[in-house]
Amino acid sequence: MGVSVFILAGILVHCVFLVSIFDIYFSSPLVHGMTPHQTPLPPPAKRLVLFVADGLRADSLYELNSNSTPRAPYLRSILENNGSWGISHTRVPTESRPGHVALIAGFYEDVSAVAKGWKENPVEFDSVFNESKYTWSWGSPDILPMFAKDCATGDHVYTFCYTAESEDFGAQDAAKLDVWVFDHVKSFFNSSRSNQTLFSALNEEKVVLFLHLLGIDTNGHAHRPNSREYKENIKKVDEGVKEIASMIDNFYGNDGKTAFILTSDHGMTDWGTHGAGHPSETLTPLIVWGAGVNYPRKVTSQKFEDNFLKEWKLENLKRLDVNQADVAPLMASLIGVPFPLNSVGTLPLEYLNNSAHFKAESMFTNAVQIVEQFKVKMSQKKETTLSFLFTPFKPLSDSEQISYLKKARLYIQQQKYDEAISLCKTLINLALEGLSYYHTYDRLFLGLSIAVSFVGWTTYVILVIIKTHTNLTKAVQTNNKESTVLFYGFAFVGMIIAFFLLIQTCPWTYYVYCLLPIPVWYAVVKELPVIQDLATNLLSLNVVQSVGFIFICTLGIEILVFSFFYRSTLTLGLFVFAGWPVITQLWVQAKTSALIWTFLCVLLAIFPLMPVVGREPNIPLVIATGLLTLMISCFSLASLCKNKKYRNNEDLKVYFYQMLSIALSTYVVSSTHDSLKNKQGLPVLNQMISWMTLVSSSVLPLLSPTFLFQRLFSILLSLMSTYLLLSTGYEALFPLVLSGLMFVWINMEQEALQHYGLSLKPKLAVFNFTCATDITQFRQLHLDDVRRSFFFVFFIVTAFFGTGNIASVNSFDPASVYCFLTVFSPFMMGSLLLLKVVIPFVLVSCAFEAIQVTTQLSSKSLLLLVLVISDIMALHFFFLVKDYGSWLDIGTSISHYVLVMSLTIFMMLMNGLAQLLTTQRLQLSRRTKHHST
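Residues numbered from 1 in each chain as written. Predicted model: local features only at pLDDT ≥ 70, side-chain atom pairs only at ≥ 80, totals over all residues. Heavy atoms only, no water.

A closer look at the overall build of the protein chain
Stated precisely, the cut-off is as follows: Under the DSSP-based scheme used, a helix requires at least four consecutive residues in state H or I and a strand at least two consecutive residues in state E, with every element numbered from the N terminus. What makes two residues a contact is simply this: any of their non-hydrogen atoms within 4.5 Å. Exposure was quantified through the Shrake-Rupley algorithm and a 1.4 Å probe, taking into account, for residues, occlusion by the shown protein chains and nothing else.
Scanning the protein chain for helices and strands turns up 35 helices and eight strands. Of all intrachain contacts in the protein chain linking residues separated by at least 6 positions in sequence, the fraction that spans at least 24 positions is 80%. Total accessible area on the protein chain is roughly 39,200 Å²; 61% of this is exposed by carbon and sulfur atoms.

This is the structure:
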């Protein structure tokens with residue numbers, strides 16, 4: 001199998017591995033075909049006003065100012081005198097879309113749906129807005145259309161949005177977004193007095209008014225939650241809520257039929273991000289008041305895991321915590337609309353100020369609505385599973401459902417409301433467990449298929465390495481007859497599996513996951529003579545050395561795995577790397593290189609100990625890094641000018657352009673952040689320079705000479721100019737230190753090559769990437785090549801985790817992209833942040849390409865070793881998913897698995913990209929040929 005064919009096959013296999021984890025753990029929880037249910041008794045409220053302060057942390061709202069005055073005086077007076085309050089606990093991912101879906105529709109959207117779009121709904125779902133008579137909403141164009149398009153039946157959900165360009169992180173004051181909402185709500189009600197149709201609609205029952213307030217989130221991203229802007233925005237929201245509540249009460253003649261809810265979709269970290277499971281992101285405020293809502297209750301003591309009550313001076317007021325999805329049934333109960341069909345929320349009765357009969361009926365309705373989902377889910381799974389293989393959820397059989405519902409209805413008729421409520425809660429818990437059971441019904445089956453494929457693929461790659469790139473086995477003749485029998489045998493097994501899936505009407509993806517082990521293990525079993533020959537040779541090896549080698553390899557893999565959870569593990573690994581020349585006696589023959597290697601390893605080891613990027617911006621350090629890069633460039637240019645043999649005027653022009661690009665990037669970073677600090681927005685000229693630099697950085701390296709160090713240094717300068725524009729602090733130094741270590745690594749590997757007597761040491765100073773390498777010069781793999789591959793994977797992991805935990809969404813700082821754009825654009829911003837992550841990866845990959853060609857190894861041989869290491873890591877995370885119990889831990893392990901899979905796919909792609917970057921040369925004009933070796 002050729003290199004290109006193998007890479008293509010490897011990419012396809014790993015894409016299946018990558019996508020499978022989403023089918024197994026993140027498939028959509030939605031089912032359809034249920035009947036709407038609502039409480040049969042009259043509701044306490046005719047209308048509901050929902051305020052969602054996007055990005056508002058619970059502690060930011062509830063805590064007092066330094067002078068002991070409330071940060072939000074009106075809302076503080078509400079929770080102390082008029083309503084109920086608590087914490088709404090959100091789920092990962094703590095992003096706007098899933099947060100609003102949980103609040104308004106009552107279910108937790110799967111991760112894959114979040115990635116499919118913000119303004120369009122990847123799936124249809126029911127919501128409180130959909131069940132209302134009329135809903136009017138004001139706010140962001142990113143959120144409101146989700147609940148007005150596709151998911152809403154009929155023309156009764158109306159949206160009023162400001163333009164997307166208004167969501168500008170560099171604007172003078174993002175609180176203007178909330179002022180826009182408040183002003184438009186006021187003018188809307190004023191205009192209704194002269195519009196009889198609108199006036200009549202507003203006076204209907206089951207009306208919802210939704211105010212989405214994005215200013216706090218925008219100010220949090222731009223200035224951080226502890227900033228003056230964030231806190232002042234909270235005060236403006238408090239004042240706006242007070243005005244709107246007073247206006248609405250006056251509009252309806254203080255009829256006491258309006259319920260108010262204020263909450264948030266997610267919180268925010270101290271460094272201005274969200275998306276993960278930090279308490280500052282998952283704890284959001286919930287204040288409810290008005291019609292049908294309990295008044296504050298005094299308590300003598302109450303215990304919670306956090307210690308916020310004393311800090312907030314609220315220890316004597318009853319705190320009522322809920323899950324975020326519980327807000328949807330609360331809203332439905334207050335205005336008497338059917339509970340959203342897909343809601344998994346449990347009605348928080350303690351918020352309700354109503355009769356025991358109403359509470360019991362509401363809880364009964366809640367139970368019936370969730371049991372309906374359970375029945376549909378069970379029916380769907382039963383239809384797609386052979387009857388003799390179907391295993392029902394035993395705690396809630398058909399007879400048990402009927403029994404629970406009949407008993408609860410009897411309790412209500414007998415006015416035993418507490419017993420009815422308790423029974424309904426038990427039934428809800430069982431139904432939710434059953435929903436989870438059927439939702440994950442195929443998880444073991446699919447997981448086992450992927451695990452078998454994974455083990456088979458890794459085994460096959462190891463066999464290919466041993467067969468084609470080592471001397472551990474002899475050439476074995478293939479028996480065509482046996483091969484044909486084997487092929488038909490595996491084909492027969494594949495047909496049985498396909499038929500089994502067909503009669504169960506399984507999705508097409510199941511065919512891919514379940515049939516993948518067939519060709520993979522066919523390739524493995526086909527190499528059985530190689531396995532037998534290898535086993536014979538291994539028995540002749542020294543047992544102690546073999547066990548020691550396996551132990552060191554296992555330890556190395558475990559260090560890599562631990563680094564995904566604890567960044568400081570990378571520091572430990574780099575300290576071990578620093579001692580590598582001493583352990584192998586390389587320092588004797590290359591003392592200068594060994595000292596520089598040790599120094600740079602120790603210097604790079606500092607980065608994983610630093611706080612995650614974005615927590616403390618340090619623009620002066622970014623500027624200093626730009627100036628340092630310019631200084632190094634000057635020394636390099638002076639060295640090039642001295643050596644007339646390897647330079648000409650075009651080469652000098654390219655270096656001058658790259659140095660100019662570095663200088664401009666440094667200026668743009670300084671100028672942009674000064675402008676944003678003064679709230680003058682992003683200068684247009686700076687924005688143009690930034691995008692031009694980004695485009696030119698991918699072209700300029702291809703214009704530089706193809707001599708090894710000149711080309712690698714050119715790649716560094718071009719990528720560094722873009723990286724500076726994406727930096728906000730100490731991370732700007734990271735690619736500079738990493739590249740320095742990569743240059744020394746190339747030299748050290750040449751010393752190691754000579755040390756082990758594998759080849760004569762080539763002259764790196766005159767090595768040219770474009771020189772054709774004779775295939776006969778490629779050597780077989782040596783044990784030291786395993787270390788080279790491990791070094792590469794370790795440096796790749798260091799490149800990803802050196803300045804933050806990129807497996808966590810909240811490690812990304814939006815301020816990193818402010819030189820390019822400040823108007824909110826999730827996918828453009830995400831692409832730029834991804835580019836920032838990829839740049840160190842490219843630097844390491846290009847250095848590894850240089851090591852491959854200078855150590856006379858084929859790209860395929862070292863790539864295979866890298867694949868084995870990364871696949872073992874991924875398999876480790878795949879099995880870790882099953883060991884964790886909590887949803888958050890499972891999510892973390894899955895994100896690490898996805899990251900390793902993505903890295904593996906990207907490494908295979910980078911094998912070609914690194915060759916392109918190092919070997920290709922664009923000629924802009926006629927010129928004499930380069931000197932070549």
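Don't stop here, the text continues.
Regarding the sheet that holds strand β2 (residues 83-89)
Which entries qualify depends on this criterion: In this description, strands pair whenever DSSP reports at least two bridges between them. The angle between two axes is taken between their N-to-C directions and runs from 0 to 180 degrees, where each axis is a line fitted to C-alpha atoms and a helix contributes only its stretch in contact.
Taken in spatial order, the eight strands line up as β4-β3-β5-β1-β6-β7-β2-β8 in an open sheet, and their pairing is mixed. Looking at which strands have only one partner, the edges of the open sheet turn out to be β4 (157-161) and β8 (322-323). Bridging between β2 and β8 involves two bridges; their strand directions are parallel. Paired with S88 across the bridge in β8 is V322. Relative to strand β7 (residues 283-290), helix α3 (residues 73-81) is tilted by about 65 degrees, and along the sheet it contacts β2, β6 (258-263) and β7.

Focus: helix α16 (residues 417-439)
The condition that has to hold: Any helix carries an expected span of 1.5 Å times its number of residues minus one. Per-residue accessibility, obtained with a 1.4 Å probe over protein chains only, is compared with the maximum for each type, and a residue is labelled buried under 20%, exposed over 50%, and partly exposed between these values.
Across its 23 residues, α16 extends 32 Å between first and last C-alpha, which sits within 8% of the 33 Å expected from 1.5 Å per residue. Turning to α16, its buried residues number three or more, namely Y417, A420, I421, L423, C424, L427, I428, L430, A431, G434, L435 and Y438. In this fold, the buried residues of α16 make contact with α14 (356-383) and α15 (398-413).

A closer look at the packing of helix α28 (residues 649-677) against helix α30 (residues 708-725)
Filter applied, for reference: Comment on the angle field: the value is read as roughly parallel under 35 degrees, roughly antiparallel over 145, roughly perpendicular from 65 to 115, and oblique elsewhere. Note: crossing handedness is left-handed where the near helix turns anticlockwise from the far helix by less than a right angle, and right-handed where it turns clockwise. Under this grouping Gly is polar, as are all residues other than the nonpolar Ala, Val, Leu, Ile, Met, Phe, Trp, Tyr, Cys and Pro and the charged Asp, Glu, Lys and Arg.
The contact between α28 and α30 brings their axes to 8 Å, and the two run at 20 degrees. Accordingly, the angle class assigned to the pair α28 and α30 is roughly parallel. You can see that α28 and α30 cross each other, and the crossing is left-handed. Taking contact as the criterion, the partners of Y655, Q658, S661, I662, S665, T666, V668 and V669 in α28 are, on α30, Q710, F713, S714, L717, S718, M720, S721, L724 and L725. Class assignment for the residues of the contact of α28 with α30 results in nine nonpolar, eight polar and no charged.

Details of the packing of α14 against α16
Interhelical geometry of α14 versus α16 gives an angle of 20 degrees and a closest axis separation of 8 Å. Here α14 is positioned roughly parallel relative to α16, judged by the angle of their axes. Seen along the crossing, α14 lies across α16 with a hand that is left-handed. Taken together, the residues of the contact of α14 with α16 sort by class into 18 nonpolar, five polar and four charged.

Details of the side chain of K377
Note the threshold: Under the convention used here, Asp and Glu are negative, Lys and Arg are positive, and both His and the chain ends fall outside the count. Salt bridge, as used here, is a side-chain nitrogen of Lys or Arg placed within 4 Å of a carboxyl oxygen of Asp or Glu.
Along the polypeptide, K377 turns up in helix α14. Although K377 is buried, it forms no salt bridge, and the closest oppositely charged side chain is D442 at an N-O distance of 9.4 Å. When residues no more than four places from it in sequence are discounted, the contact partners of K377 are S28, P29, V31, L435, Y438 and H439.

Focus: the packing of aromatic side chains
Put simply, the test is: In summary, the pairing rule links any two rings of Phe, Tyr or Trp, Trp by its six-membered ring, whose centres are within 6.5 Å, and it sorts them by plane angle into stacked for under 30 degrees, edge-to-face for over 60 and tilted for everything else.
Under the counting rule described, the total for this entry stands at 55 aromatic pairs. A ring pair is formed by F125 and F147, whose centres lie 6.0 Å apart and whose planes are at 75 degrees; its orientation type is edge-to-face. Within this pair, whereas F125 is found in the loop between α5 (111-115) and α6 (128-131), its partner F147 is found in the loop between β3 (134-139) and β4, the two being separated by 22 residues in sequence. In terms of burial, F125 and F147 fall into one category: buried. Measuring from centroid to centroid gives 5.7 Å for F188 and F189, while their planes differ by 85 degrees, and the two rings are edge-to-face. For F188, a relative accessible area of 9% translates into the label buried. Within the aromatic cluster, the residues linked to one another by ring pairs are Y134, W136, W138, Y158, F160, F188, F189, F199, F251 and Y252.

Thoughts on the pattern of salt bridges
For the coordinates displayed, the defined rule picks out 21 salt bridges. Between K186 and E243 there is a salt bridge, with the nearest N and O atoms lying 2.4 Å from each other. A residue pair is termed long-range when its members are at least 10 positions apart, and K186 in helix α7 (residues 176-192) and E243 in helix α10 (residues 228-251) qualify at 57 residues. The partner of E527 in a salt bridge is K467, with the nearest N and O atoms 3.2 Å apart. Placement of the pair is E527 in the loop between α20 (517-526) and α21 (528-539) and K467 in helix α17 (residues 443-469), with a sequence separation of 60 residues. Given the relative accessible area of 40%, K467 is considered partly exposed. Members of the salt-bridge network, linked through shared partners, are E749, D784, D785, R787 and R788.

Re the environment of S227
Put simply, the test is: Polar contact criterion, stated in full: a pair of N or O atoms within 3.5 Å, where within protein one must be able to donate a hydrogen and the other to accept it, and residues adjacent in sequence count only if both atoms are side-chain atoms.
Counting through the fold element by element, S227 comes out in the loop between α9 (215-223) and α10. For the pair S227 and D270, spaced 43 residues apart in sequence, the C-alpha separation works out to 9.6 Å. Here the side chain of S227 touches H223 through a polar contact of 3.4 Å, landing on its backbone oxygen. Here Y230 takes part through its backbone nitrogen, which lies 3.2 Å from a polar atom of the side chain of S227.

Observations concerning a nonpolar patch on the surface
Put simply, the rule reads: A patch consists of residues exposed above 30% relative accessible area that lack any salt bridge, with like charges linked at up to 9 Å and nonpolar side chains (Val, Leu, Ile, Met, Phe, Trp, Tyr) linked at up to 5 Å.
Where nonpolar side chains cluster on the molecular surface, the patch consists of L628, M631, I632 and F635 and spans about 390 Å² of accessible area. Mapping L628 onto the fold places it in helix α27 (residues 619-642). Taking relative accessible area as the criterion, L628 reaches 34% and is therefore assigned partly exposed.

A few points about the layout of surface pockets
One water molecule sets the probe size; rolling that probe over the atoms shows where empty space is left. Inclusion rule: Throughout, the protein atoms alone are placed on a 1 Å grid, and a set of points is a cavity if a 1.4 Å probe fits but cannot get out or a pocket if it is open with protein on both sides within 12 Å along at least five of seven lines; lining residues have an atom within 4 Å of a point. Grid points are joined across faces, edges and corners, and a volume is the space filled by probe spheres set on the points.
By volume, the second largest pocket amounts to about 2,000 Å³. Among the secondary structure elements, those contributing two or more residues to the lining of the second largest pocket are α17, α21, α22 (543-565), α23 (568-578), α24 (580-583), α32 (783-801) and α34 (859-883). Counting residues per element, the lining of the second largest pocket draws most heavily on α22, which supplies eleven residues. Classifying every residue of the lining of the second largest pocket by side-chain character gives 30 nonpolar, twelve polar and two charged.

Quick notes on the confidence of the model for the protein chain
Put simply, the rule reads: pLDDT measures how confident the predictor is about each residue, on a scale from 0 to 100.
Taken as a whole, the protein chain shows an average pLDDT of 85; of its residues, 88% reach a score of 70 or greater. Confidence, expressed as mean pLDDT per element, reaches its minimum in the protein chain at α5 with 52 and its maximum at β6 with 98. Under a pLDDT of 50 for its full length, residues 113-122 has, in the predicted model, 31 contacts with residues more than four places off or in other chains.

A word on unusual backbone geometry
In this chain, V92 is followed by P93 through a cis amide linkage whose omega measures 0 degrees. Looking at the secondary structure, you find P93 in the loop between β2 and α4 (96-105). Even without being glycine, S68 reaches a positive phi, approximately 70 degrees. Here S68 is to be found in the loop between α2 (58-62) and α3. One non-glycine residue, Q415, adopts positive backbone phi at about 60 degrees. In this structure, Q415 sits in the loop between α15 and α16.

Quick word on the nonpolar core
Considering soluble globular proteins, one finds that nonpolar side chains tend to be buried as a cluster. Defined as follows: Put simply, buried Ala, Val, Leu, Ile, Met, Phe, Trp, Tyr and Cys residues joined by side-chain atoms within 4.5 Å make one nonpolar core.
Of all hydrophobic cores here, the largest spans 137 residues; its most connected members are W457, F577, W597, L712, W745, F795 and M873. Top element by residues in this core is helix α33 (residues 826-854). It accounts for 15 residues. F795 has contacts with L574, F577, W597, L741, M742, W745 and V844, leaving out every residue within four places of it along the chain. Counting residues in each nonpolar core, the second largest holds 70 residues, with M331, I335, L427 and L430 among its members.

Here we look at the pairing of β6
For β6, a buried count of six out of six residues is recorded, marking the element as mostly surrounded by other parts of the structure. Neither face of β6 is exposed, since T258, F260 and L262 on one face and A259, I261 and T263 on the opposite face are all buried. Here β6 pairs with β7 via five bridges, running antiparallel. Bridge pairing links T263 to L286 in β7.

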